[in-house]
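Take a look at the letters that make up each chain.
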Amino acid sequence: MRGADLINLLLPDEILDEVLRRVAVSGAKRDLDACALVCRRWRRHDRATRRSAKLAASGARADEVLRLVAERFPALVEVSVDERISVEAAAAGPSCAAARSRRRPMYDVSPSGRRRRMSRSSNFGAHMSPFPLDQPGSDNETERTCLTDVGLTSLARGCKGLEKLSLVWCSSITSTGLVRISENCKNLSSLDLQACYIGDPGLIAIGEGCKLLRNLNLRFVEGTTDEGLIGLIKNCGQSLVSVGVATCAWMTDASLHAVGSHCPNLEFLSLESDHIKNEGVVSVAKGCRLLKTLKLQCMGAGDEALDAIGLFCSFLESLSLNNFERFTDRSLSSIAKGCKNLTDLILNDCHLLTDRSLEFVARSCKKLARLKINGCQNMETAALEHIGRWCPGLLELSLIYCPRIRDSAFLEVGRGCSLLRSLYLVDCSRISDDALCYIAQGCKNLTELSIRRGYEIGDKALISFAENCKSLRELTLQFCERVSDAGLTAIAEGCPLRKLNLCGCQLITDNGLTAIARGCPDLVYLDISVLRSIGDMALAEIGEGCSQLKDIALSHCPEVTDVGLGHLVRGCLPLQSCQMVYCRRVSSTGIATIVSGCPKLKKLLVEEWKKSCS
C-alpha cells in the first residue's frame, strides 16, 4: 500500500537476494520479471543479480538491445543470442527473450528517473575491421540488421563474469567480436558458435584468453580452417570436456590429431564430416580415453576407426553411428568387447550390419538401456531376439524402417525386457497386432508407445495395452488405418493418457473421441488431423472433459465448424497451440473465437486469408 511498506523495512538484503535466487531457480522467467516490478529496491536487486538472458538478434536494434542488457544486468553469467528470431517479433510476442528491456528497447532510465530517448548509435562507435577470413557473403543491409561485433563488444565489457555464451546463426559476428570476448570474459566455460561465420584468429584468441573453456560447439561453422581449431585446442584443450563439429568442410584429420593430443579430459565428441578418415578417429580414440559420449558420421572411416574406439575407450556409455558405409559386423564386435559400460546405442543407415552385430552387443553390453535402429535393412528378426534375451535393463527401443523384423522378435523382448518404458515403431511393415500383444503382456511398465504407418496394427493391440499397461501416458498412432473406436474406447478406460496422436486414423469417429474426452481428463496434447469423420460433437466433448488441454491439431478435418470451436474454447482455457489448416467449414469467425477465447494462446496455424478476414 502506498506509504505503508510493511515488507522492505524489515527485509535485509541477504533475504531479498535469497528470494530472487529461489524464484530464478524454480520459477518461470515471467515470475522473476514480476518480482522486479514490485518496487525500485527489488528492481535494483534483480538487475544486480540476474544470471541469464535469452535474446533475439535479427533486427535494426540488435546491437543496442545487447548493449542495454549488458548495462542493466552486469551479473549475467549465461547469455543466449539467436539470430533466427527478430528483435521486433520478440518484443511483440509473449516469448520475447531480452529481459525487461524488451518492452521499451529504445529507452533508458536516467539517474533522475526520467525517460530519455536512446540514440541508435552505440557507445562503442569506433570502426571495427573484421579479420581477412571473416568475410561472409553479405551485403550492407545484412550487417545493419543483425548482431555485429559492436554488440558483442558491449556484452564483453559489460558482463565480464560471463561463463556461458551461445551465438546461434549470428552471421555478422567475426573474429573481432571473439577477440573482445577472450580479452574480457576469462571465466568463459561454454561457447556455442553454431552456424556463425568466423575466422581462425577468433578461435585462436578464445583458446589463448579462455583457459577454463569446457564446452565448444562449432556445428555448421564456416570461415575458419584447421589452423583455428588447432590453435584453440593447443591453448585450452586440457579443460575441454565437450566438442561438437558438424558439416564443416574445412575440417580434416589434422584437427582430430590435435584433439587426441591435447584433450585428455574430453568426454563428449560429436563429429559429422565427409573428409575425416580412419587416422583422425584413431587419434581421438588413443588420446581421449575418458570419452563417454561419441556421435560419428564419417563417410571416410571404417572398421579400423571403430576397432580403435573399442580398444581404447572403455568408459564409453553412449555411441551414435550415422551413415557409415564402410564398417561391418567386425567393428561393432570390437565396440561390444571393449565398451562394457555402453547404455545407449544408435545405428542410423549402417547398411552392412547384420544380426551378428546386435548379438555381439547384447551378449557383452549388459547395461544397454536405449537402442535405436534406423534403416539398417540387413538386420532381421534374430537381431532383436538377441536383445530380448540378453538385455534385461532395456528402457527404450526404437525401430525405424526395419522391414525384415517380424512379430516373433517381440516375443523375446516381451519376455526379457520387463522394464521397457518407451517403444517407437516407424515403417516396420511386417509387425502386426501379435507383436504388440507380446509387448503389452510382458512390458507392463510401458509409459510411451509411438507407432507410425503401422498398417497391420489395429484394435486387438490397443485392447491388450489397455488391459496390461496401466501407466501408459503417451500414445501415437499415426496412419494406423485399422485402429477404430473400439480400440480407442479400451484405451480411454484403461490408460490415463496425457498425450494422444491419432493423425490419419480414418476409422476414428466422434464416438472414439468422446470416450477419450470422458476417460482421459488429464490430456494436454491431442492431434486428430486428417480424421474426416470428426465433427463438432467430438470438440464439444473434448472441451467439456479435457480442461487441461494445451495443444490441439485438427488440420484437414472437413466436418469441424465454428460451432465446435466455440464449445472447445469454453472448456480448454489453458490452450496454447492450435493447428487447423484446411478445415473448410471453419471461417474467420471461428478463428476469432479461438483468439478471443484462449487467453494463453501462443501459436495458431491457419490459412492466411482466414487470418486476414478475422
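Residues numbered from 1 in each chain as written. Predicted model: local features only at pLDDT ≥ 70, side-chain atom pairs only at ≥ 80, totals over all residues. Heavy atoms only, no water.

Trainee: Before we go on, may I ask you to explain the overall build of the protein chain in this structure?
Mentor: Counting secondary structure elements, the protein chain contains 25 helices and 22 strands. A separation of at least 24 residues holds for 79% of the contacts in the protein chain among residues at least 6 apart in sequence. Split by element, the accessible area of the protein chain, about 26700 Å² in all, is 50% carbon and sulfur. (Helix = DSSP H or I, 4+ residues; strand = E, 2+ residues; numbered from the N terminus. Contact = heavy atoms within 4.5 Å. Areas by Shrake-Rupley, 256 points an atom, 1.4 Å probe, with all protein chains shown as cover.)

Trainee: Which parts of the structure should I look at to understand the side chain of His386?
Mentor: When you line up the elements, His386 lands in helix α16 (residues 381-390). Apart from residues lying up to four places away in sequence, His386 is in contact with Asp355, Leu358, Glu359 and Ala362.

Trainee: Just checking my understanding: could you explain the pattern of salt bridges for this structure?
Mentor: It is possible for side chains bearing opposite charge to pair when their charged atoms get close. Enumeration over the complete set of coordinates arrives at 22 salt bridges. The residue Glu183 makes a salt bridge to Arg180 at a minimum N-O spacing of 3.7 Å. Placement of the pair is Glu183 and Arg180 together in helix α8 (residues 175-184), with a separation of three residues, close to one helical turn. When its relative accessible area of 45% is taken as the criterion, Glu183 is described as partly exposed. For Arg180, a relative accessible area of 23% translates into the label partly exposed. Measuring nitrogen to oxygen at the nearest pair gives 3.2 Å for the salt bridge that ties Glu380 to Arg404. One end of the pair, Glu380, is in the loop between β13 (370-374) and α16; the other, Arg404, is in the loop between β14 (396-400) and α17 (408-416), and 24 residues separate them in sequence. One network of salt bridges, in which partners are shared, links Glu385, Arg389, Glu412 and Arg415. (Salt bridge = Lys/Arg side-chain N within 4 Å of Asp/Glu carboxyl O. Buried < 20%, exposed > 50% of the residue type's maximum accessible area, 1.4 Å probe, protein only.)

Trainee: What is the right way to read the side chain of Asn501 from this model?
Mentor: For Asn501, the location among the structural elements is in strand β18 (residues 499-501). A distance of 3.0 Å separates the side chain of Asn501 from the backbone nitrogen of Cys503, its partner in a polar contact. Apart from residues no more than four positions distant in its own chain, Asn501 is found in contact with Leu475, Thr476, Leu477, Gln478, Tyr525 and Asp527. (Polar contact = N/O pair within 3.5 Å; in protein donor to acceptor, adjacent residues only side chain to side chain.)

Trainee: Help me understand a positive patch on the surface, please; the structure alone is not making it clear to me.
Mentor: There is a patch of like positive charges on the surface, built from Arg30, Arg473, Arg498, Lys499, Lys550, Lys600 and Lys602. Accessibility expressed as a relative area gives 37% for Lys499, which makes it partly exposed. (Patch = residues over 30% accessible without salt bridge, like charges linked within 9 Å, V, L, I, M, F, W, Y side chains within 5 Å. Lys, Arg positive; Asp, Glu negative; His and termini not counted. Charge placed at Lys NZ, Arg CZ, Asp CG, Glu CD.)

Trainee: What should I look at first to understand the packing of helix α21 (residues 510-519) against helix α22 (residues 536-545) in this one?
Mentor: In helix packing, the relevant descriptors are the interaxial angle and the interaxial distance, both defined with respect to the helix axes. Interaxial distance between α21 and α22 falls to 8 Å at its minimum, and their mutual angle equals 0°. The angle between α21 and α22 places the two elements in the roughly parallel class. Contacts from Asp510, Asn511, Leu513, Thr514, Ala517 and Arg518 in α21 reach Met537, Ala538, Glu541, Ile542 and Gly545 in α22. Partitioning the contact of α21 with α22 into residue classes produces five nonpolar, three polar and three charged. (Axes fitted to C-alpha atoms, helices over the stretch in contact; angles between N-to-C directions. Parallel < 35°, antiparallel > 145°, perpendicular 65-115°, else oblique. Nonpolar A, V, L, I, M, F, W, Y, C, P; charged D, E, K, R; others polar.)

Trainee: Quick question: what am I supposed to make of α17 here?
Mentor: An α-helical turn contains 3.6 residues, so any two residues separated by three or four positions project in the same direction. Every buried residue of α17 is accounted for by Ala409, Phe410, Glu412, Val413 and Gly414. Check the buried side of α17 and you find it contacts α16, β14, β15 (422-426) and α18 (433-442).

Trainee: Is there a simple way to explain the pairing of β13 in this structure?
Mentor: Regular strands have side chains that alternate between both faces of the sheet. Bridge count between strand β12 (residues 344-348) and β13: five bridges; the pairing is parallel. Within β13, the position partnered with Asp344 by the bridge is Arg370. On the question of chirality, the crossover connecting β12 to the parallel β13 by way of helix α15 (residues 355-364) is right-handed. As paired strands, β13 and β14 are joined by five bridges and run parallel to one another. Each residue of the ladder has a partner; that of Leu371, found in β14, is Leu397. In the classification by handedness, the crossover that spans β13, the intervening α16 and the parallel β14 is right-handed. (Pairing = 2+ DSSP bridges. Right-handed = clockwise from strand over helix to strand, strands pointing away.)

Trainee: I tried to follow the packing of helix α14 (residues 329-338) against α15 on my own but got confused; where do I start?
Mentor: Closest axis-to-axis distance for the α14/α15 pair is 8 Å, and the angle between their directions is 5°. Taken together, the axis directions place α14 and α15 in an arrangement best described as roughly parallel. In this structure, α14 uses Asp329, Leu332, Ser333 and Ala336 to contact α15, whose residues at the interface are Arg356, Ser357, Phe360, Val361 and Ser364. Here the contact of α14 with α15 is built from residues that sort into four nonpolar, three polar and two charged.

Trainee: Even after reading the chapter, I still don't get unusual backbone geometry, so can you show me in this structure?
Mentor: Leaving glycine out, the prevailing phi sign among residues is negative, and the prevailing peptide bond configuration is trans. Backbone geometry places Val530, a non-glycine residue, at a positive phi of 60°. Among the structural elements, Val530 can be located in the loop between β19 (525-527) and α22. We note that Tyr582 has phi near 60°; this positive angle belongs to a residue other than glycine. Along the chain, Tyr582 turns up in the loop between β21 (577-579) and α24 (588-597). For Tyr582, a relative accessible area of 52% puts it in the exposed group.

Trainee: Just checking my understanding: could you explain the environment of Leu188 for this structure?
Mentor: Here Leu188 shows up in the loop between α8 and β6 (190-192). Accessibility expressed as a relative area gives 0% for Leu188, which makes it buried. The contact partners of Leu188, leaving out residues within four places of it in the chain, are Leu162, Glu163, Lys164, Leu165, Ile181, Cys210, Leu212 and Leu213.

Trainee: Just to check I follow, could you spell out the pairing of strand β11 (residues 318-322) for this structure?
Mentor: In terms of burial, β11 is a largely internal element, five of the five residues being buried. In this structure, strand β10 (residues 293-300) lies alongside β11, joined through four bridges in parallel fashion. Looking at the pairing, Lys295 lines up with Ser320 of β11. Taking the sense of rotation as the criterion, the β-α-β connection linking β10, helix α13 (residues 303-312) and β11 turns out right-handed. Relative to β12, β11 is paired through five bridges, and the arrangement is parallel. Among the inter-strand pairings, Ser318 is bridged to a residue of β12, identified as Asp344.

Trainee: Please clarify how the confidence of the model for the protein chain should be interpreted in this entry.
Mentor: Low-pLDDT stretches of the model should not have their predicted coordinates read in fine detail. Model confidence for the protein chain is summarised by a mean pLDDT of 87, while 88% of its residues fall at 70 or above. Below pLDDT 50 for its whole length, residues 91-130 participates in 78 contacts with residues either more than four positions away or in separate chains. Segment residues 137-144: pLDDT under 50, and seven contacts once partners within four positions in sequence are set aside and those in other chains are kept. (pLDDT = per-residue confidence, 0-100.)

Trainee: Would you explain the environment of Gly177 in this entry?
Mentor: On the secondary structure map, Gly177 appears in helix α8. Gly177 sits in the buried class, given a relative accessible area of 0%. C-alpha separation for the pair Gly177 and Ala156, spaced 21 residues apart in sequence, amounts to 8.6 Å. Sequence-distant contacts of Gly177, defined by excluding residues within four places in its chain, comprise Asp149 and Leu152.

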